[in-house]
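# Chains, contacts and geometry: an overview
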Amino acid sequence: MAATRTRRRATGRPPRLLIAAGAVTAVVALIPLVYLLVRVSEAGLQRIIEVLVRPRTLETIGTSVSLVLVVVTACLAIGIPTAWLVARSTLPLRGMWLVLVALPLAIPSYVAAYAWLAQFPSMHGFWAAALILTLVSSPYVVLPVTAAFRSSDPALEEVARSLGRGPVRAFATTTLPQAWPAAAGGALLVALYVLSDFGAVALLRVDAFTRVIYASYRASFDRVSAAVLALVLVGLAALLVYAERRVRGRTRRWRVATGTQRAAIPVTLGAGARLGALAWLTGLTILALGVPLVSLVLRMLEGSRTPLDPLELLTAALTSLGVALAGAVLAVLLALPVGILAARYRTRSVRAIETVSYTGHALPAVVVGLSLVFLTLAVFPAAYQTIFILAFAYAVLFLPKAIGATRSATASVSPVLEQTARTLGRGPLRAWAETTFRLTLPGIAAGGLLVLLTAMKELPATLMLRPTGLDTLATELWSRTEIAAYGSAAPYAIALVVLAAGPAWLLSRAMTRADTDTSADTVAP
Amino acid sequence: MSSLTAGYGGDAVLSDLDLSVPSGAVAAVLGPSGSGKTTLLRVLAGFLKPTAGTVYFGERLVAGAGPGFPHAFVPPEKRRIGIVPQEGALFPHLDVSANVAFGLPRGAAAGRVAEVLEMVGMSDYAHVRPHELSGGQQQRVALARAMAPRPDVILLDEPFTALDAALRVRLRAEVRELLRGLGTTAILITHDQEEALSTADLVAVLRDGRIVQVGTPLEVYDVPADLGVARFVGDAVELPAVAQGERVTCALGDIPVHASTSLARDGEATVVLRPEQLVLSCPVEPAGPAPLPGAGVVRETSYHGHDSMLRVELADGTAIPVRVPGGTPPPRPGDAVVVSVTGPGRVYPA
């Protein structure tokens, strides 16, 4: 009977109208990718191959792949020991360190790049980008691995000890293997972050995919090569998303025994080890948080010597809010049918709609920007560089977040409530509105807020699609940093960090729950 | 309902099912998990369209083909049914009185809400939120919510399963009283034979999507339609036997069987006894040359306080469970005993 009691899904066929609405969402999500494919195929095979084998293309691929490998390796090397210290040792102030290791999530990559540049203006190139990307993306490894270490059953290690393993080998043969899926999942998120990141590589002048695509779009004479490169980038990103999903399926805890699990007894660190651990964490914190913050504060103080135009800052903030709000509303409306379908039904068509609607996941913002520029110029010139197309881009990019929120909110409400409302005289729509919708509204609204905050700090798609003269906080920071006006950029950087704090907090909470299924939905460079 | 067939995506879960419940009766649909109970409930409530057959509520056709209606289907909101789901499923965002008022027309609700809350003994909780109620209280409110619009049929979907044993027994009795008082037709879906027997006027045993027996609780327990029903409804002691007319011979001797279960053909058969029909006594005299029918040795004793379960090995080597009431110390393993039978058994083909 357990099966029927815990059933959260309604069985049977989904309503046709809901499927139709979901299909609209899926089509919208596919538009940028499909149009990119159309543009590339128009160029002809010969031209495509010619672009692909060009030394510059190969160099770009090489740069991006190396950057991904270096950053992922560094994140794992830093992340796993850090996670162990925070989760399993008698480190002083563990609670504080747990917060500090999550905080870099609140620093958008281009803000970190700006802050380091403002302090060390000669900092450019591959290794600079690798350093900064490692610092801002290391929480993607640290947090899930910490969660895995904390949730692994200490009884396993004790059994290993009783079977004759020493403490180190017991850890290595029981707890560590359980943390591997979390580490691998985190590493793939880092890879996706690095691959799609535009802000840091562009400001530090590293010719990775995103910067090259943006540059060839700006140069505007070589649209085919931009499109081909974008497609290669999407292919790599899709591979990472696929791998991440596969790994995530295995991250669920393997605990077989039932009953309440004890917390692990932390390993006592000797005096020397304690000192070493504290030095390690302090060093990391200084690099990841200290330098950017000190730089921001110094620039702010300097900036106050040159007059700050508060009106300009306010305008940019309101503009960011306005366009992001339009995008968030659109994303929530599009997400609603898909989220409900995914939570309630598991037919083949529902799976297809859900998968397709998640396309935005594997699409770096630069690619969406590029495709929508092409599309509007070729098909709807009137929409080119309007708020509508910008909101549309935000909706496609952040649709997965809105769907995830709708789906999990809906799944937490038993369909029996809606059915009971039906028997009490409500038609299908009113039954939904008075029960499920009422109960899921907070969850859906939270998803919308997450989209809003994420869209407010979006950079590359905004740069490419915004109406002329429209400036958001992110574009203001970008243009001021480009001309090395670091002082006047500082207020914008601070505003962006404040904005990013909300999504960062949600993300860190999701990632420290070992059995989360939203980690990838919330990755946002 | 008649010739009802229903299922999901081409797999028929219910096939060719016939059942009619007299108006005002409390009927239990009893079946193991996977037997199609939930599917039947969903068809009755209107959440699932039957692929064939008809469902009538009294004179009213709610699903299937009828005179003048080739494909009648009344949606759940127009069926005049009340549902008491598993674990209540109260609307968590509404307080108790708003839950009960949900199915009532606005304005006219207040009096009726007070009335039904009074009936289920929840008057003091009108403005409490569902999460502040205990499991039993939630079920009472769910029942009040289902009764409030005066439905033609009340469907109860395993309403007591989530409650602890003592509460379950008490609430079951209360609900039975209440349903009898209302005179509303009620259908109780359950996998618990004790619940079905003690609550319903009529028990329908469902197995693999088919009704295998319909009868009063007494009939279903005393004269099960087949061996499967006998095993499912209550504990059964099965013994190989030789049938001869209305008597059988088995390891416990020559015993009478219910006339309605006697077989058309004499010969090899299985006889089913209920544990309470077995009576244990000490052998009065040392065994003669031929062992007494039912003579055996206690092999295992498990003591439960109010009674004890023994495993008795008979002379021919078969082991049977025997329940002896508590109060006196139960026999120990190794003791010689005699098992005798009171009342008739039921006989089925071997």
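Residues numbered from 1 in each chain as written. Chains lettered and ligands numbered in written order. Predicted model: local features only at pLDDT ≥ 70, side-chain atom pairs only at ≥ 80, totals over all residues.

## Some details on the overall build of chain A
Applied cut-off: Numbering of helices and strands runs from the N terminus, with a helix taken as a DSSP run of H or I at least four residues long and a strand as a DSSP run of E at least two residues long. Counting other C-beta atoms within 10 Å of its own, a residue is labelled buried from 20 upward, exposed at 12 or fewer, and partly exposed in the gap between, with every C-beta atom placed from the backbone. Residues are scored as being in contact if the C-beta atoms we place from backbone atoms lie within 7 Å.
A count of helices and strands for chain A gives 23 helices and zero strands. For chain A, the residues scored as buried account for 52% of the 525 residues in total. Pairs at least 24 residues apart make up 83% of the contacts formed inside chain A by residues separated by at least 6 positions.

## Observations concerning the overall build of chain B
Helix and strand counts for chain B stand at eight helices and 21 strands. When the backbone C-alpha atoms are referred to their principal axes, chain B occupies close to 85 × 50 × 35 Å. Buried residues in chain B amount to 42% of all 350 residues. Put simply, of all contacts in chain B between residues at least 6 apart along the chain, 64% involve residues at least 24 apart.

## Some remarks on the sheet that holds strand 18 (residues 307-314) of chain B
Residue and element names in this part refer to chain B. Stated formally: For two strands to be treated as a pair, DSSP must find at least two bridges joining them. Orientation is described by axes fitted as lines to C-alpha atoms, over the contacting stretch for helices, and by angles from 0 to 180 degrees between their N-to-C directions.
Reading across from one edge, 16-20-17-18-19 is the order of the five strands in this open sheet, with antiparallel pairing throughout. Each edge of the open sheet is held by one strand with a lone partner, namely strand 16 (278-281) and strand 19 (319-325). Going across the sheet, the axis of each strand differs from the next one's by a mean of 45 degrees, ignoring polarity. Sheet analysis places strand 18 next to strand 19, joined by seven bridges and oriented antiparallel. Within strand 19, the position partnered with Asp-307 by the bridge is Pro-325.

## Comments concerning unusual backbone geometry
Positive phi values are uncommon outside glycine, yet A:Ala484 reaches one of about 60 degrees. Here A:Ala484 shows up in the loop between helix 22 (473-482) and helix 23 (486-512). Phi is positive for B:Glu158, which is not a glycine, with a value near 40 degrees. For B:Glu158, a count of 22 C-beta atoms within 10 Å puts it in the buried group.

## Focus on helix 19 (residues 415-423) of chain A
For helix 19 of chain A, a buried count of eight out of nine residues is recorded, marking the element as mostly surrounded by other parts of the structure. Those residues of helix 19 of chain A that fall on the buried side of the exposure criterion are A:Pro415, A:Leu417, A:Glu418, A:Gln419, A:Thr420, A:Ala421, A:Arg422 and A:Thr423. Where helix 19 of chain A is buried, its residues meet helix 15 (310-344) and helix 20 (428-456) of chain A together with helix 1 (37-45) and strand 7 (81-84) of chain B. Of the residues one or two after helix 19 of chain A, A:Gly425 is the one with positive phi, at around 95 degrees.

## Description of the interface of chain A and chain B
A common measure of how large an interface is: the accessible area buried when the components associate. Rules: We call Asp, Glu, Lys and Arg charged. Ala, Val, Leu, Ile, Met, Phe, Trp, Tyr, Cys and Pro are nonpolar, and the rest, Gly among them, are polar.
The interface is formed by 20 residues belonging to chain A together with 23 residues belonging to chain B. Listed by contribution, the elements that provide at least two residues to the side of chain A that touches chain B are helix 1 (2-5), helix 19 and helix 20 of chain A. Tallied by class, residues from the side of chain A that touches chain B come to six nonpolar, 10 polar and four charged.

## Quick notes on the domain arrangement of chain B
Residues and elements named next belong to chain B. What counts is decided by this rule: Boundaries of every domain are those given by an automatic assignment or by a domain database.
Each domain of chain B was delimited in the assignment, giving domain 1 (2-227) and domain 2 (236-349). A separation of 40 Å is found between the C-alpha centroids of domain 1 and domain 2. Counting residues at the interface gives four residues for domain 1, matched by seven residues for domain 2. Here the side of domain 1 that touches domain 2 is composed, by residue class, of three nonpolar, no polar and one charged.

## Side note on the pairing of strand 5 (residues 60-66) of chain B
All names here are of chain B. As paired strands, strand 4 (residues 52-57) and strand 5 are joined by three bridges and run antiparallel to one another. When the bridges of strand 5 are listed, Val-55 appears paired with Ala-63. Hairpin connection, strand 4 to strand 5: the antiparallel pair is bridged by two residues, and Gly-58 has positive phi, about 65 degrees.

## Examining the sheet that holds strand 9 (residues 185-190) of chain B
Residues and elements named next belong to chain B. Taken together, six strands build an open sheet; the order of strands is 7-8-9-3-10-11 and the sheet is mixed. Of all the strands in the sheet, just strand 7 and strand 11 (210-215) have a single pairing partner and so form its edges. Each neighbouring strand pair of the sheet contributes to a mean axis angle of 20 degrees, computed without reference to strand direction. Here strand 10 (residues 202-207) runs beside strand 11; their pairing, made up of five bridges, is antiparallel.

## Describing the domain arrangement of chain A
Residues and elements named next belong to chain A. Each domain of chain A was delimited in the assignment, giving domain 1 (33-252 + 278-305) and domain 2 (307-482). Between the C-alpha centres of domain 1 and domain 2 the distance comes to 24 Å. Between domain 1 and domain 2, the contact holds 27 residues from the first and 21 residues from the second. The set of elements that each furnish at least two residues to the side of domain 1 that touches domain 2 consists of helix 2 (16-42), helix 6 (109-119), helix 10 (167-196), helix 11 (199-203), helix 12 (209-219) and helix 13 (223-249). No other element matches helix 13, which puts seven residues into the side of domain 1 that touches domain 2. Considered class by class, the residues forming the side of domain 1 that touches domain 2 number 21 nonpolar, five polar and one charged.

## A look at the environment of A:Leu69
Positionally, A:Leu69 belongs in helix 4 (residues 55-88). For the pair A:Leu69 and A:Ile31, spaced 38 residues apart in the sequence, the C-alpha separation amounts to 31 Å.

## Notes on helix 2 of chain A
Residues and elements named next belong to chain A. Inclusion rule: Bend angle per residue: angle between axes fitted to the 7 residues ending at that residue and the 7 residues starting there.
At Ile-31, helix 2 shows its largest bend, some 45 degrees, and a proline, Pro-32, comes one to four positions later. For helix 2, the set of buried residues is Leu-18, Gly-22, Thr-25, Ala-26, Val-28, Ala-29, Pro-32, Leu-33, Leu-36 and Arg-39. Where helix 2 ends, the next residue or the one after it, Gly-44, has phi of about 90 degrees, a positive value.

## Things to note about the pairing of strand 10 of chain B
In the case of a regular strand, side chains alternate between the two sheet surfaces. All names here are of chain B. Counted residue by residue, strand 10 has five buried out of six residues, so it is predominantly covered. As paired elements, strand 3 (residues 26-30) and strand 10 share four bridges and run parallel to each other. Looking at strand 10, one finds that Ala-28 is bridged to Val-203. Where strand 10 folds back onto strand 11 in an antiparallel hairpin, the turn is made up of two residues, including Asp-208, whose phi is positive at roughly 50 degrees.

## Remarks on the packing of helix 4 (residues 135-147) of chain B against helix 5 (residues 165-182) of chain B
Residue and element names in this part refer to chain B. How we decide: Throughout, the term roughly parallel applies to angles under 35 degrees, roughly antiparallel to angles over 145, roughly perpendicular to angles from 65 to 115, and oblique to all others. By the definition used in this description, the sense in which the near helix is turned from the far one sets the handedness, with an anticlockwise turn below a right angle giving left-handed and a clockwise turn giving right-handed.
Helix 5 packs onto helix 4 with a crossing angle of 15 degrees between their chain directions and a minimal axis gap of 11 Å. Classified by the interaxial angle, the pair formed by helix 4 and helix 5 is roughly parallel. The handedness of the crossing between helix 4 and helix 5 is right-handed. Contacts between helix 4 and helix 5 involve Gly-136, Gln-139, Leu-143 and Met-147 on the former and, on the latter, Leu-167, Leu-171, Val-175 and Leu-182. Within the contact of helix 4 with helix 5, the residues separate by chemical class into six nonpolar, two polar and no charged.

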